[in-house]
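Survey of secondary and tertiary structure
If you want the building blocks of each chain, they are given just below.
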Amino acid sequence: GFGDCKDKALLLASSLRRLGVEAEPALTDLDDGLALGDMLPTIRAFDHVIVKASIKSQTYWIDATNYLQGGRAENLVPPDYGFALPVVAGSARMERMERKELFQPTTFVSEAFDFPKLKGEALKLTVSTTYRDADADSMRYRLVSQSATKLADDYLQYYNRQYPGMISLVPLSTKDDRDGNVVTTVESYALPAEDLDADDLVKNFPLKADVGISNLPEPDMVGRAGPIWLGSPMFKRHQCIVRNLKAAFVGPEKSDDVITPYVAFKARWSSTPSEFQVDWFLKTIGDRVPAKDIGLYLRSRRKMSDNSSWSYNFGYAEPEAN
């Protein structure tokens, strides 16, 4: 009843072949797979086994140990191991596992702040998050590796650091579309009136984008000769909607978009007399930054960080007409 990656890969490949699908185990490396294409032959090159399956002209790379992976054939996310060596008698050669280009955010966080309509009422915050593809797979593991209570406490602490006094209203809600590989969560909070008024929070109210800027590497330029690895493909969106305002608010007049060959970042806003909305987007384009462009990359990273948090005096009201 037990099997490691070798056993599971062999069982999966055998099962697929029994069903008429061309399949064979393939050797790879969990940590150094991306370097396999440049390494000299060595018996220590591999520490993991996956499966290469082929249907007509379509190739599927499947990690049989990834038991919580979602999706079906058309939307399976291939493992991001770089290279693999299919075990084929007489014709074995290293193959690159191509990444799928991201055309929509794989994590979309939408925060809706409802300011109190009457004095003494609490501010309400509803957070809806949609995870897709590899981010859905990661979130699925997170949901089974820790209790819902612990996860909800982590989220509450995150919002308490930005808005001291925030309380949770209902338990964390989750939904998993396994075939579509989409996981959604919903959080609901309240900030009591006294906490909203404390330290003039309402007059310096922060809106902050959590789009993964902190996950981008920040290397030292001194003596750097090799490229910077940016990690797995990333495409994230963070939205803030603020409602029940007493005046119209706007974003910066000057666009602070960052567009480089390696990463793209932009912020977009819209408003009505009682509502303000801002959307931040971050997408990695290349998988590495060459040493000669590290200075450009670091300046872009700082610019993204500077433009990922805005503060407003949401207590301001338009003067009444005489």
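**What about a nonpolar patch on the surface?**
Side chains of I167, L169 and V170 sit close together on the surface and give an oily, nonpolar patch of about 240 Å² of accessible area. Here I167 shows up in strand β8 (residues 167-168).

**What about the packing of helix α2 (residues 133-145) against helix α3 (residues 148-162)?**
Contact geometry of α2 with α3 gives a least axis separation of 8 Å together with a crossing angle of 115 degrees. Regarding the angle of α2 to α3, the classification is roughly perpendicular. Touching M139, R142 and L143 of α2 are L151, D154 and Y155, all from α3. Tallied by class, residues from the contact of α2 with α3 come to 4 nonpolar, no polar and 2 charged.

**A closer look at α2**
A rise of 1.5 Å per residue sets the reference length of α2, with its 13 residues, at 18 Å; its end C-alpha atoms lie 19 Å apart and thus fit the reference within 8%. Where the residues of α2 are buried, they touch β6 (107-114), β7 (123-132), α3, β9 (173-177), β10 (182-191) and β13 (235-243).

**Focus: the environment of R142**
One can find R142 in helix α2. When residues no more than four places from it in sequence are discounted, the contact partners of R142 are L151, D154 and Y155.

**What about the sheet that holds strand β4 (residues 83-86)?**
The strand order across the open sheet formed by 5 strands is β3-β2-β1-β4-β5, and the pairing between neighbours is antiparallel. Each edge of the sheet is formed by a strand with only one pairing partner; in this case those strands are β3 (58-62) and β5 (95-96). Relative to strand β2 (residues 48-55), strand β1 (residues 22-28) is paired through 7 bridges, and the arrangement is antiparallel. Within the sheet, the bridge partner assigned to T28 lies in β2 and is H48. Sheet strands in contact with helix α1 (residues 5-18) are β1, β2 and β3, and its direction is about 15 degrees off that of β2.

**So, unusual backbone geometry**
Positive phi, close to 55 degrees, is recorded for N181, a residue that is not glycine. Using a relative accessible area of 0% as the deciding quantity, one classes N181 as buried.

**Overview of the pairing of β13**
Taken across its 9 residues, β13 has 7 buried, putting it largely inside the fold. Taken together, the 8 bridges between β6 and β13 define a ladder with parallel strand orientation. Its bridge partner lying in β13, V109 is registered against H238. Where β13 and strand β16 (residues 275-284) come together, 8 bridges link them in antiparallel fashion. The residue bridging Q239 from the neighbouring strand is D279, located in β16.

**Considerations on α1**
For α1, which comprises 14 residues, the first-to-last C-alpha distance of 20 Å matches the rise-based estimate of 20 Å (1.5 Å per residue) to within 8%. For α1, the secondary structure elements touched by its buried residues are β1 and β2. The positive-phi residue at the C-terminal boundary of α1 is G20, with phi of around 90 degrees.

**Some words on the pairing of β16**
The buried fraction of β16 amounts to 8 of the 10 residues, a majority that puts the element mostly inside the structure. In this sheet, β16 lies alongside strand β15 (residues 263-272) in antiparallel orientation, the contact comprising 10 bridges. From the neighbouring strand, F265 faces β16, where its bridge partner is L282. From the end of β15 to the start of β16, which pair antiparallel, there are 2 residues.

**A short note on the pattern of salt bridges**
In the structure shown here, the tally under the stated rule is 15 salt bridges. Its salt-bridge partner being D114, residue R243 comes within 2.8 Å of it at the nearest N-O pair. One end of the pair, R243, is in strand β13; the other, D114, is in strand β6, with 129 residues separating them in the sequence. Take D114: its relative accessible area is 21%, and that puts it in the partly exposed class. The partner of D257 in a salt bridge is R268, and the shortest N-O contact between them spans 2.8 Å. Taken together, the positions of D257 in the loop between β13 and β14 (258-259) and R268 in strand β15 put the pair 11 residues apart, joining distant regions of the chain. Relative accessible area serves as the criterion here: at 38%, R268 is assigned to the partly exposed category. Each of R96, D287 and R288 takes part in salt bridges that share partners, so that together they form one network.

**Comments concerning the nonpolar core**
Among the nonpolar cores identified, the biggest contains 52 residues, and F205, L207, W280 and F314 are the most heavily contacted of them. Apart from the residues within four sequence positions on either side, F205 is in contact with F113, F115, L123, Y163, L196, W310, S311, Y312 and F314.

**Describing the packing of aromatic side chains**
Counted according to the given criterion, the structure contains 15 aromatic pairs. Here the aromatic rings of F113 and F205 are separated by 5.5 Å at their centres, their planes lie at 90 degrees, and the arrangement is edge-to-face. Note that F113 is positioned in strand β6 and F205 in strand β11 (residues 205-208), a separation of 92 residues in sequence. According to the relative accessible area criterion, F205 is buried, its value standing at 0%. Relative to Y159, the ring of Y158 has its centre 5.0 Å away and its plane inclined at 85 degrees; by these criteria the two rings are edge-to-face. An aromatic cluster of at least three residues, connected via ring pairs, comprises F113, F115, Y163, F205, F249, W269, F276, Y312 and F314. We note R237 situated over the ring of F108; from NZ or CZ to the ring centre the distance is 4.1 Å.

Conventions used here
Residues numbered from 1 in each chain as written. Predicted model: local features only at pLDDT ≥ 70, side-chain atom pairs only at ≥ 80, totals over all residues. Heavy atoms only, no water. Patch = residues over 30% accessible without salt bridge, like charges linked within 9 Å, V, L, I, M, F, W, Y side chains within 5 Å. Areas by Shrake-Rupley, 256 points an atom, 1.4 Å probe, with all protein chains shown as cover. Salt bridge = Lys/Arg side-chain N within 4 Å of Asp/Glu carboxyl O. Helix = DSSP H or I, 4+ residues; strand = E, 2+ residues; numbered from the N terminus. Axes fitted to C-alpha atoms, helices over the stretch in contact; angles between N-to-C directions. Parallel < 35°, antiparallel > 145°, perpendicular 65-115°, else oblique. Contact = heavy atoms within 4.5 Å. Nonpolar A, V, L, I, M, F, W, Y, C, P; charged D, E, K, R; others polar. Expected span 1.5 Å × (residues − 1). Pairing = 2+ DSSP bridges. Buried < 20%, exposed > 50% of the residue type's maximum accessible area, 1.4 Å probe, protein only. Core = buried A, V, L, I, M, F, W, Y, C linked by side-chain atoms within 4.5 Å. Phe/Tyr/Trp six-rings, centres within 6.5 Å; stacked < 30°, edge-to-face > 60°. Lys NZ or Arg CZ within 6 Å of the ring centre and 35° of its normal.

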